[in-house]
Amino acid sequence: MRIASIDAVCFSPTGTTKRVLEAIVAGLGGGTVTLVDLTVPGGDRKVSEPDGQSLALFGLPVYAGRIPQEALARLEHCQGQATPAVLVVVYGNRAYEDALLELSDVVGRQGFVPVAAGAFIGEHSFSKAETPIAVGRPDAGDRAKATAFGAAIRRKLDGLDCLAEAGTLSVPGNRPYRERHPLPAMAPVSRGDVCVRCGLCATVCPVGAITVERQADTREALCLHCCACVKICPTGARVVENPQLLEIAKRLAANCAARKEPETYL
């Protein structure tokens, strides 16, 4: 199969999923690459028109063993027509549980044909100095494995005369999926004494929950707990103070310290 173009579709509030996709694209080599960024509200969310020579590469984060509902809603605009697809989920070193299967089911219903899949590790959204969780990941080793994965996908596709030869891709997970247990409305807050009202937090919020006036304020009911605003704040003004979120971060730091490695499926 000849692949002439690649649509890299990602939802990546803190940039970890995007970095994994970039490494996979490097391994795929060749072809025109288009980034379809689902992260920013109101952005372009459509993949290329099916032409028989395109590949869709989907990369989404894992929240509590599932794909975030907001990301799934934005995937609805991505439609394929027997378009080969690579599925990637990125999780914070705990577990990806049913997320990869859920992603496979969703894109399959939308006309894509999964040909490869992978679960990679990214620094957890709740990670900070006091509660380090997969700090710095994807690191050089992760990126090297992602690039090797991309090269393996290219070899697989080059060896096919038609997509039907790829067969059915099997990925881990269970149906029904893990039940969602949403956290109560809560969000990072701004320390007024150090907030300089630069607005960076508002620009990276994937749901537009932050407004900046006298300081950065967040509508808690909208917050996804991605902590992109915390990680980008140049003065450390954005902080997590909610006791429930802090306790979750402590448990994750204590129980998820052992390094996990990427898993790939071809």
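Above this text you will find the structure in question.
Residues numbered from 1 in each chain as written. Predicted model: local features only at pLDDT ≥ 70, side-chain atom pairs only at ≥ 80, totals over all residues. Heavy atoms only, no water.

Undergrad: Go over the overall build of the chain, please, and point to the residues and values.
TA: Helix and strand content of the chain: 7 helices and 10 strands. For 266 residues, the compact-globule estimate of 2.2 N^0.38 gives 18 Å, and the chain sits close to it at 19 Å. For the chain, the proportion of contacts with a sequence separation of at least 24, taken over those separated by at least 6, is 82%. Total accessible area on the chain is roughly 12,300 Å²; 51% of this is exposed by carbon and sulfur atoms. If you average the places of the 29 positive and of the 28 negative side-chain charges in the chain, the two averages end up 3 Å apart. (Helix = DSSP H or I, 4+ residues; strand = E, 2+ residues; numbered from the N terminus. Rg over C-alpha atoms; globule rule 2.2 N^0.38 Å. Contact = heavy atoms within 4.5 Å. Areas by Shrake-Rupley, 256 points an atom, 1.4 Å probe, with all protein chains shown as cover. Lys, Arg positive; Asp, Glu negative; His and termini not counted. Charge placed at Lys NZ, Arg CZ, Asp CG, Glu CD.)

Undergrad: Would you mind going over the packing of aromatic side chains in detail, with residue names and values included?
TA: Applying the stated criterion across every chain yields a total of 3 aromatic pairs. Here the aromatic rings of Phe58 and Phe112 are separated by 5.0 Å at their centres, their planes lie at 85°, and the arrangement is edge-to-face. Pair noted here: Phe58 is in strand β3 (residues 54-61) and Phe112 is in strand β5 (residues 112-121), with a separation of 54 residues, a long-range link. Of the two residues, Phe58 and Phe112, neither departs from the other in class, the shared state being buried. Ring centres of Tyr91 and Tyr96 lie 5.5 Å apart, and the angle between their planes is 50°; this geometry places the pair in the tilted category. (Phe/Tyr/Trp six-rings, centres within 6.5 Å; stacked < 30°, edge-to-face > 60°. Buried < 20%, exposed > 50% of the residue type's maximum accessible area, 1.4 Å probe, protein only.)

Undergrad: Please provide a residue-by-residue account of the environment of Arg94, values included.
TA: Along the chain, the position of Arg94 falls in the loop between β4 (83-91) and α3 (99-109). For Arg94, a relative accessible area of 29% gives the class partly exposed. Along the primary structure Arg94 and Gly167 are separated by 73 residues, whereas in three dimensions their C-alpha atoms are 30 Å apart. Once you skip the residues sitting within four places of it in the chain, Arg94 turns out to touch Ala64, Gly65, Arg178, Leu252, Cys256 and Lys260.

Undergrad: I'd like a description of helix α4 (residues 140-158), backed by residues and values.
TA: When the terminal C-alpha atoms of α4 are compared, their 27 Å separation across 19 residues agrees well with the 27 Å that a helix rising 1.5 Å per residue should span. Those residues of α4 that sit buried are Asp142, Ala146, Phe149, Gly150, Ala152, Ile153, Arg154 and Leu157. If you check the start of α4, you find a side-chain oxygen 3.2 Å away from the backbone N of Gly141, and it comes from Asp139. (Expected span 1.5 Å × (residues − 1). Polar contact = N/O pair within 3.5 Å; in protein donor to acceptor, adjacent residues only side chain to side chain.)

Undergrad: How would you explain the packing of helix α1 (residues 16-28) against α4 if you had to name every residue and give the values?
TA: The geometry of α1 relative to α4 is characterised by a closest axis approach of 6 Å and an angle of 45° between their N-to-C directions. Classed by the angle they form, the pair α1 and α4 counts as oblique. Judged by the twist between their axes, the crossing of α1 over α4 is right-handed. Contacts between α1 and α4 involve Val20, Ala23, Ile24, Ala26, Gly27 and Leu28 from the first element and Arg143, Ala146, Thr147, Phe149, Gly150, Ala151, Ile153 and Arg154 from the second. Residue composition of the contact of α1 with α4, grouped by class: 9 nonpolar, 3 polar and 2 charged. (Axes fitted to C-alpha atoms, helices over the stretch in contact; angles between N-to-C directions. Parallel < 35°, antiparallel > 145°, perpendicular 65-115°, else oblique. Left-handed = near helix turned anticlockwise from the far one by under 90°. Nonpolar A, V, L, I, M, F, W, Y, C, P; charged D, E, K, R; others polar.)

Undergrad: Give me the lowdown on the layout of surface pockets, citing residues and values where you can.
TA: When its volume is computed, the largest pocket comes out at roughly 1,200 Å³. Considering the residues around the largest pocket, the lining is formed by 44 residues, among which Tyr63, Ala64, Leu183, Leu224 and His225 are closest to the centre. Of all elements in the fold, only α1, α2 (69-75), β4 and α7 (243-255) reach the threshold of two or more residues within the lining of the largest pocket. Ranked by residues supplied to the lining of the largest pocket, first place goes to α7 with 3 residues. The class makeup of the residues in the lining of the largest pocket is 22 nonpolar, 13 polar and 9 charged. Within this model, the second largest pocket holds a volume of roughly 240 Å³. Split into classes, the residues belonging to the lining of the second largest pocket amount to 8 nonpolar, 5 polar and 3 charged. (1 Å grid on protein atoms, 1.4 Å probe; cavity = no way out; pocket = protein on both sides within 12 Å on 5 of 7 lines; lining within 4 Å. Points joined across faces, edges and corners; volume = space filled by probe spheres on them.)

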